[in-house]
Amino acid sequence: MAKHPVQFRLNGSDRATFVDGAENLLNTLRRGLGDFAPKYGCGQGTCGVCTVLVDGEPHLSCLTLAVACEGRHVETASGMADGPDFHPLQAAFMDHFAAQCGFCTPGMLTAARALLAKNPNPTRDEVVEAISGNICRCTGYEPIIAAILAAAGSSGARRA
Amino acid sequence: MLEMRKDLFADERDDNLNEVGKGSQRQDMPGHVTARTRFFDDHAFDGLLHLKVVRSPHAHARIRSIDIAAAARAPGVKRVLRGADVPVNKNTLLSLINFGKDDEPTLAVSKVCYKGEPVVAIIADTEAQAHAARKLVRVEYEPLKPVFDVEEALKPGAPVVNETYPGNYFEYHERFDHQKLRFGDVDAAFARADQVVEARYQMSPIEHAPTETNGTIAAPEHNDRYVVHSCAQGLFFSLGTTAKILNLESNRLHFIGGTVGGGFGGKVDSLTEPLAVLGAMLTGRPVRYVLDREEEMLTGSPRGAERIYVKDGVMRDGRIVARHIRSYFDAGAYTRLSSYAAIKCTAHIPGPYSIPNVSSDVYVAYTNRCPSTAMRGFGVTAVDFAIEVHMDRVAEAVNMDPMELRILNAYRDGDMKAHRRVAKNTALIECVQVAAEKAGWPLSDTARRQTSVASGGAGERGQIPATVIDQRGQIGRPDTRTGGPTQTLPAGTTRIALSKEPVMEGARDGRAAPTQVPRYEPAPRHEPARAQPPAYAPQPAPPAPSYQPASPPPAPPAPAPSPAHTQHGAVRFSSVFGTRRR
Ligand code: FES
Ligand code: FES
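Residues numbered from 1 in each chain as written. Chains lettered and ligands numbered in written order. Predicted model: local features only at pLDDT ≥ 70, side-chain atom pairs only at ≥ 80, totals over all residues. Heavy atoms only, no water.

As annotated in an unreviewed UniProt entry, chain B carries the name Xanthine dehydrogenase family protein molybdopterin-binding subunit and comes from Xanthobacter tagetidis.

The name an unreviewed UniProt entry gives chain A is (2Fe-2S)-binding protein, with Xanthobacter tagetidis as the organism.

Below, the structure is given as structure tokens:
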């Protein structure tokens, strides 16, 4: 099958690879570029563990064609920390025990990051709405909601 | 929020706790929030192949033929596997501790016993190619009558689900058709109870639905080993299972894991490890076998559904004087861990209550459903649900507050439990009191004054009652299942633990394997003989020799060649063998 070249900015670096026409962004990031932050949970757009940002908007990478990301900015949870320093959301997730198995965490952080970028002081309902596409089977969501609200309240949240 | 109630049981511990009650950071948390945590699928391999299985569309069918020729020629296909390619194509998980018979193939050969059972595995360059080749496999089936109901499955003439267990029940120690508990005389107690409350509880199978589906990547390593990135919850359990199925020395398997994307019990079955490693062995390439979400939901083993009948004898004042539980654990088509679940269930009966007469019969039944497995307290959770809903029913029947009813019947330190252990560190009363307080639920002064540490073990509460048993002191043998009780063990009699000086009996019932004979010993001498409370010993005790061999019966002539009688070999897994944890 003929491969298509695709080039985009991934967490601030220019990256390029070849993909099949029907290849989704999830597989391209994981198997093509070695960024394992987005996970496979369903491949059908129902669980949110594959959430990434494309030009700042949350996207389900399992339902996004890799070729559609040509020339755009793709961000994953791998790029959230500022060097050795945790992003305020990461620190809040740690403080609030907002991860158990950790499998939903990269997608959850990414959805939260998109929310805070647009709305630095969300209400609880807005937080719930923002992560409503992300399934967590471990925590029962409450610690995650508390962590996002805490991160929003902390001074560095606007950096997102 | 965590609240420490140090006022409760203050004298039972030193109050010098350094960690409990304080927050401390988990060591895996930084990895989780930075996405550096590596789950099994987060490993890059050059030349990675993908494995997909062809599954049975039938719940029960004989396999007439399997034609893989077209699939093997399909683009990108490297190898197609059938049952004959699996070195040891029959296994049962607990065989690693010599418990139960091998009953489940990795790839079905002659028949399929549930919808979704793996029949053929395809290994190809890409997932898409493996999916496409799946459609080219031709399997000819002859549908058989399925059975989906646990009680139907145990009826004579029901379709045989699992040919290893033709009675459709798991055989404990090769001869017992269920787990049985006898303590006191429930029938006599039902007869004199003011009310008998009876109900049926039906649980549903539950899929664990972990966010990470089951999967494995296996690859040839240097030194003739295979590296295995596994989702397994029990990494060494999976290693042992894989080594057995592939007939490999376990030191040729290098398992890496422990980072599980949600398991809840659904990742103890080694659903993917053996085929992934076999694929790596046969192709010499890294092989990735990951269940997609649909496979995970439909064929990943669920919590087994139980059907539970609870029958309580109650006095007008709310005292429960008898409890009988009959339960059927739906194993699905193969044993996996259901045999263990029924033991846990039996060990939990009658719940945290002091009830002087208890009996239970817990069956593991095979049906043409997806095999069930471990899930969060399996075996206990369901019977607890049934018991607690039943407690509410009993409260209603005697017109009593449900919290008060629980406090009245709660076990206390020193009480004799139905499985003949003295209750220790009990705390149900305090839990109910705190729950009532939090919920603003009014309790009577009497209920508020109760405590777990006082009045337990008083009088008959601390005694083993006279107990009705089946023929030969055995319980639950298939051939005596319908026979009435034949003997009564006098009060205070305890069973001699199986692992102590086993007495083996040889060929019986047409079976060659010798089996340990259950034996009992009377109450220890130093205990003052207590008058039998008439409530618990309606029948006079028979003389000792009728239930206890005077001298050990002759040992079996020679150990049979069959490896069947090993149940006392592994004391570590105490709840399986009924031996006491030390
Ligand atoms: S894997 Fe993309 S939504 Fe589930
Ligand atoms: S922490 Fe396990 S799924 Fe969310």
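Here we take up the overall build of chain B. When helices and strands are tallied, chain B shows 14 helices and 21 strands. Per-residue burial for chain B yields a buried fraction of 54% across its 582 residues. For chain B, the proportion of contacts with a sequence separation of at least 24, taken over those separated by at least 6, is 78%. For chain B, the computed accessible surface area is about 25,700 Å², with 53% contributed by carbon and sulfur atoms. (Helix = DSSP H or I, 4+ residues; strand = E, 2+ residues; numbered from the N terminus. Buried < 20%, exposed > 50% of the residue type's maximum accessible area, 1.4 Å probe, protein only. Contact = heavy atoms within 4.5 Å. Areas by Shrake-Rupley, 256 points an atom, 1.4 Å probe, with all protein chains shown as cover.)

With that settled, consider the overall build of chain A. When helices and strands are counted, chain A shows five helices and five strands. Shown N-terminal to C-terminal, the secondary structure of chain A runs as helices and strands in the order β-β-α-β-β-β-α-α-α-α. Rg of the C-alpha trace for chain A: 15 Å, near the compact-globule value of 15 Å for 160 residues, within the 12% margin. Taking the principal axes of the C-alpha coordinates as reference, chain A spans close to 50 × 30 × 25 Å. The burial tally for chain A puts 48% of its 160 residues in the buried class. Relative to all contacts within chain A whose residues are 6 or more apart in sequence, the contacts with residues 24 or more apart total 56%. Taken as a whole, chain A presents about 6,800 Å² of accessible surface, with 51% of it coming from carbon and sulfur. Here chain A holds 13 positive side-chain charges and 15 negative ones, and the gap between their average locations is 4 Å. (Rg over C-alpha atoms; globule rule 2.2 N^0.38 Å. Lys, Arg positive; Asp, Glu negative; His and termini not counted. Charge placed at Lys NZ, Arg CZ, Asp CG, Glu CD.)

Of the residues lining the interface, 29 residues belong to chain A; the matching set on chain B comes to 32 residues. When chain A packs against chain B, close to 2,400 Å² is buried across both sides, 59% of that on carbon and sulfur atoms. Together, Arg31(A), Met94(A) and Arg137(A) form the three largest contributors to the area buried by chain A at its contact with chain B, with a combined 26%. Seen at the junction of chain A and chain B, the total is four salt bridges. A salt bridge links Asp41(B) to Arg31(A), with the shortest nitrogen-to-oxygen separation between them at 2.7 Å. There are 15 residue pairs in polar contact (both at pLDDT 80 or more) connecting chain A and chain B. Of the residues forming the side of chain A that touches chain B, the biggest block, four residues, is contributed by helix α2 (residues 88-95) of chain A. Of the residues belonging to the side of chain A that touches chain B, the class tally is 18 nonpolar, six polar and five charged. (Buried area = accessible area lost by both parts, 1.4 Å probe. Salt bridge = Lys/Arg side-chain N within 4 Å of Asp/Glu carboxyl O. Polar contact = N/O pair within 3.5 Å; in protein donor to acceptor, adjacent residues only side chain to side chain. Nonpolar A, V, L, I, M, F, W, Y, C, P; charged D, E, K, R; others polar.)

Here the focus is the nonpolar core. Residues and elements named next belong to chain B. Of all hydrophobic cores here, the largest spans 68 residues; its most connected members are Tyr172, Ile308 and Ile349. Top contributing element to this core by residue count: helix α10 (residues 381-397), with seven residues. In terms of domain composition, this core takes at least three residues from each of domain 1 (48-144 + 208-299) and domain 2 (152-206 + 302-483). In this structure, Tyr172 is in contact with Phe99, His178, Gln179, Ser338, Ser339, Ala342, Ile343 and Val364, ignoring residues within four places of it in sequence. (Core = buried A, V, L, I, M, F, W, Y, C linked by side-chain atoms within 4.5 Å. Domains from an automatic or database assignment.)

The subject of this paragraph is the domain arrangement of chain B. Residues and elements named next belong to chain B. On domain assignment, one finds that chain B holds domain 1 (48-144 + 208-299) and domain 2 (152-206 + 302-483). The C-alpha centroid of domain 2 is placed 37 Å from the C-alpha centroid of domain 1. The partner domain 2 presents 32 residues to the 28 residues of domain 1 that form the contact. With both sides pooled, the region where domain 1 packs onto domain 2 buries about 2,300 Å², and carbon together with sulfur makes up 56% of that total. Three residues stand out in domain 1 for area buried against domain 2, namely Phe99, Lys101 and Asp103, and they jointly supply 26% of the buried area on that side. Counting the contacts that link domain 1 with domain 2 gives four salt bridges. Across the pair Arg62 and Glu163 runs a salt bridge, and its minimum N-O distance is 3.5 Å. At the boundary of domain 1 and domain 2, one finds 15 residue pairs in polar contact (both at pLDDT 80 or more). Of the residues assigned to the side of domain 1 that touches domain 2, the class counts are 12 nonpolar, seven polar and nine charged.

One face of the sheet, then the other: side chains in a regular strand alternate in exactly this way. Residue and element names in this part refer to chain B. Summarising burial for strand β5 (residues 118-124): seven of the seven residues are buried, a large majority. Strand direction decides the pairing type here: strand β1 (residues 49-55) and β5, joined by six bridges, are antiparallel. Note on β5: the bridge partner recorded for Val54 is Val120. For strand β3 (residues 77-81) and β5, the ladder comprises four bridges, and the chain directions are antiparallel. Note on β5: the bridge partner recorded for Arg79 is Ile123. (Pairing = 2+ DSSP bridges.)

Attention shifts here to the domain arrangement of chain A. By a widely used convention, the size of an interface equals the accessible area lost when the partners come together. Residues and elements named next belong to chain A. On domain assignment, one finds that chain A holds domain 1 (3-79) and domain 2 (88-159). Computed from C-alpha coordinates alone, the two centres of domain 1 and domain 2 are separated by 21 Å. Domain 1 puts 17 residues into the contact, and the matching count from domain 2 is 13 residues. With both chains or domains summed, domain 1 and domain 2 bury close to 1,200 Å², and 58% of this area falls on carbon and sulfur atoms. For the pair domain 1 and domain 2, the interface holds two salt bridges. Here Lys118 ties to Glu57 by a salt bridge, and the two come within 3.2 Å at their closest N and O atoms. Inspection of the domain 1/domain 2 interface yields five residue pairs in polar contact (both at pLDDT 80 or more). Going through the elements one at a time, β3 (51-54) and β4 (57-60) are the ones with two or more residues in the side of domain 1 that touches domain 2. With three residues, β3 is the single largest residue contributor to the side of domain 1 that touches domain 2. Of the residues belonging to the side of domain 1 that touches domain 2, the class tally is eight nonpolar, six polar and three charged.

The subject of this paragraph is the sheet that holds strand β9 (residues 215-220) of chain B. Residue and element names in this part refer to chain B. As summarised here, the arrangement of the seven strands in space is β3-β5-β1-β12-β9-β10-β11, forming an open sheet in which the pairing is mixed. Only two strands of the sheet have a single neighbouring strand rather than two, namely β3 and β11 (253-256). Across this sheet, the average inter-strand angle for adjacent strands is 20°, counted without regard to direction. Across the sheet, helix α3 (residues 127-134) touches β1, β3, β5 and β12 (287-290), and the angle it forms with β1 is around 25°. (Axes fitted to C-alpha atoms, helices over the stretch in contact; angles between N-to-C directions.)

Under the UniProt annotation, the feature "domain: Aldehyde oxidase/xanthine dehydrogenase a/b hammerhead" (unreviewed entry) is placed at residues 34-145 of chain B. Helix makes up 12% of residues 34-145 of chain B and strand 30%. Its end C-alpha atoms lie 53 Å apart. (UniProt positions renumbered as here; feature names shortened; annotations may be inferred.)

All names here are of chain A. A sheet is described by the order of its strands in space; here five strands give the open sequence β2-β1-β5-β3-β4, paired in mixed fashion. The open sheet has two edge strands with one neighbour each: β2 (13-19) and β4. When strand polarity is set aside, the average angle formed by the axes of neighbouring strands in this sheet is 40°. Helix α3 (residues 105-118) rests against β3, β4 and β5 (73-75) of the sheet, and its axis sits at about 35° to β3.

The next thing to look at is the environment of Asn16(B). Residues and elements named next belong to chain B. Summarising the element assignment, Asn16 is placed in the segment before α1 (29-34). Look at Asn16 and you get exposed, because its relative accessible area is 52%. Each C-alpha atom, one on Asn16 and one on Arg64, is 69 Å from the other, the two residues being 48 residues apart in sequence.

Let us look at the pattern of salt bridges. All names here are of chain B. This structure, assessed with the given rule, holds 45 salt bridges over all chains. Residues Arg5 and Asp7 are paired through a salt bridge, measuring 3.2 Å at the closest nitrogen-oxygen approach. In this structure Arg5 comes out as partly exposed when scored by relative accessible area, which is 26%. You can call Asp7 exposed: its relative accessible area is 52%.

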